[in-house]
Amino acid sequence: MSTFNDRIQSLLFQPHKLAREYSRSKITKPFPFNAFYPQSEAPVVDAGDFELHVGGLVHDKRAWTLERLYALPQETQITRHVCVEGWSAIGEWSGVRFSHFLRCIGADLTARYVGFQCADGYSTSIDMPTALHPQTQLTFRFGAEVLPVRYGFPLKLRMPTKLGYKNPKHITELFVANENPGGFWEKYGYNWFGGI
Ligand SMILES: Nc1nc2c(c(=O)[nH]1)N[C@H]1C(S)=C(S)[C@@H](COP(=O)(O)O)O[C@H]1N2
Ligand SMILES: [Mo]
């Protein structure tokens, strides 16, 4: 599944280089919605019985409630989201640094991929160097609010180093693997690495 283009992008990726961050005055209002369906069809996940399932090459496979997730240390970023369809927008997201979360679950950080399954049937996957990038965030909040339904309630993965379609919303399950898990748009030919 790894194409020539993916290999070149992985080689060019600088694991410690930070994407640009912006001031609050630059935030795009209203921030656009995008998905493979209209906004009215975004999945409404019940916060009370939500569980984030973790699997694959991880030591601790216990599912996570929102209460446990919200107790993790959180950071905020104001970065630019770039959609391959030709628009970009600056937003403010808060959540736990994904590398910290991966350490909490005892993930094999030498494995190659992290895959994601979402409440709307969407899926995608990323390379481990991007998973460990300091701005890759498991996101719970958008601006001053809990992440709204349209932007991925209860949680999404935010990566300012990757195109929009690589940023999964409404994640229900994530897993660490050495086989490339592919993804929803990737199977229709979108570039797998999807770097900016
Ligand atoms: N679960 C899920 N995640 C998704 C998508 C989707 O359809 N379903 N679309 C992707 C695409 S193409 C984009 S541009 C962004 C849009 O995120 P936004 O609604 O916060 O702007 O979500 C990405 N993640
Ligand atoms: Mo997109």
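Residues numbered from 1 in each chain as written. Chains lettered and ligands numbered in written order. Predicted model: local features only at pLDDT ≥ 70, side-chain atom pairs only at ≥ 80, totals over all residues. Heavy atoms only, no water.

Asks: Just to check I follow, could you spell out the site of ligand 1 for this structure?
Replies: Taken together, 19 residues sit near ligand 1, with Pro32, Asn34, Asp120, Asn167 and Lys169 positioned nearest. Within the complex, the protein chains bury 99% of what would otherwise be the 530 Å² of accessible surface of ligand 1. (Near = heavy atom within 4 Å. Areas by Shrake-Rupley, 256 points an atom, 1.4 Å probe, with all protein chains shown as cover.)

Asks: Honestly, unusual backbone geometry in this entry has me stumped. Any pointers?
Replies: For residues other than glycine, phi is negative in most cases, and the peptide bonds are mostly trans. In this model, lysine 29 is joined to proline 30 through a cis peptide bond whose omega is -5 degrees. Following phenylalanine 153, the chain continues into proline 154 via a peptide bond in cis, with omega recorded as 0 degrees. Note on placement: proline 154 falls in the loop between strand 7 (145-146) and strand 8 (156-158). Although it is not a glycine, histidine 170 sits at a positive phi angle of roughly 50 degrees. As for its position among the elements, histidine 170 is in the loop between strand 8 and strand 9 (171-177). (Helix = DSSP H or I, 4+ residues; strand = E, 2+ residues; numbered from the N terminus.)

Asks: For this particular structure, what's the right way to read the sheet that holds strand 9?
Replies: Think of a sheet as strands paired side by side through backbone hydrogen bonds, with each pair either parallel or antiparallel. Read from one edge of the open sheet, four strands run 1-9-4-5, paired in mixed fashion. Whereas interior strands pair on both sides, the edge strands pair on one side only; in this sheet they are strand 1 (53-56) and strand 5 (123-127). For this sheet, the mean angle separating the axes of adjacent strands, direction not counted, is 20 degrees. Pairing of strand 4 (residues 113-118) with strand 5 involves five bridges; the strand directions are antiparallel. Among the inter-strand pairings, glutamine 117 is bridged to a residue of strand 5, identified as serine 123. (Pairing = 2+ DSSP bridges. Axes fitted to C-alpha atoms, helices over the stretch in contact; angles between N-to-C directions.)

Asks: Honestly, the environment of isoleucine 78 in this entry has me stumped. Any pointers?
Replies: Tracing the sequence through the fold places isoleucine 78 in strand 2 (residues 75-83). Taking the C-alpha atoms as reference, isoleucine 78 lies 31 Å from leucine 57; in sequence the two are 21 residues apart. Those residues within four positions of isoleucine 78 in sequence are excluded, and the remaining contacts are Arg20, Glu21, Tyr22, Ser23, Arg24, Ile27, Ile90, Gly91 and Glu92. (Contact = heavy atoms within 4.5 Å.)

Asks: Would you mind showing me how to read the environment of glycine 121 here?
Replies: Among the secondary structure elements, glycine 121 is positioned in the loop between strand 4 and strand 5. Separated by 28 residues in the primary sequence, glycine 121 and valine 149 place their C-alpha atoms 15 Å from one another.

Asks: Just checking my understanding: could you explain the pattern of salt bridges for this structure?
Replies: Close approach of charged atoms allows side chains of opposite charge to pair. Taken as a whole and assessed by the stated rule, the structure comprises five salt bridges. A salt bridge links arginine 62 to aspartate 60; the shortest N-O distance between them is 2.9 Å. Across the pair lysine 166 and glutamate 186 runs a salt bridge whose closest N-O atoms are separated by 2.6 Å. Here lysine 166, found in the loop between strand 8 and strand 9, pairs with glutamate 186, found in the segment after strand 9; they are 20 residues apart in sequence, far enough to count as distant. You can call lysine 166 buried: its relative accessible area is 0%. Using a relative accessible area of 7% as the deciding quantity, one classes glutamate 186 as buried. (Salt bridge = Lys/Arg side-chain N within 4 Å of Asp/Glu carboxyl O. Buried < 20%, exposed > 50% of the residue type's maximum accessible area, 1.4 Å probe, protein only.)

Asks: Just checking my understanding: could you explain the pairing of strand 4 for this structure?
Replies: Side-chain positions along a regular strand alternate between the two faces of the sheet. Of all six residues in strand 4, five are buried, a share of seventy percent or more. Counting the residues in the hairpin turn of strand 4 and strand 5 gives four residues, including glycine 121, whose phi is positive at 90 degrees. Pairing geometry for strand 4 and strand 9, over six bridges, is antiparallel. Bridging from a neighbouring strand, phenylalanine 116 pairs with leucine 174 of strand 9.

Asks: Hey, could you run me through the packing of aromatic side chains in this one?
Replies: What describes a pair of aromatic rings is the distance from one ring centre to the other and the angle between the planes of the rings. Counting across every chain of the model gives 22 aromatic pairs. Judged by centre distance (6.0 Å) and plane angle (40 degrees), the ring pair of phenylalanine 98 and phenylalanine 116 falls under tilted. Separated by 18 residues along the polypeptide, phenylalanine 98 in helix 3 (residues 98-104) and phenylalanine 116 in strand 4 bring together distant segments of the chain. Grouping residues by exposure puts phenylalanine 98 and phenylalanine 116 together as buried. Members of the aromatic cluster, each reached through a chain of ring pairs, are Phe33, Phe36, Tyr37, Tyr122, Tyr165, Phe184, Trp185, Tyr188 and Tyr190. When the ring centre of phenylalanine 193 is taken as reference, the NZ or CZ atom of lysine 162 above it lies at 3.4 Å. (Phe/Tyr/Trp six-rings, centres within 6.5 Å; stacked < 30°, edge-to-face > 60°. Lys NZ or Arg CZ within 6 Å of the ring centre and 35° of its normal.)

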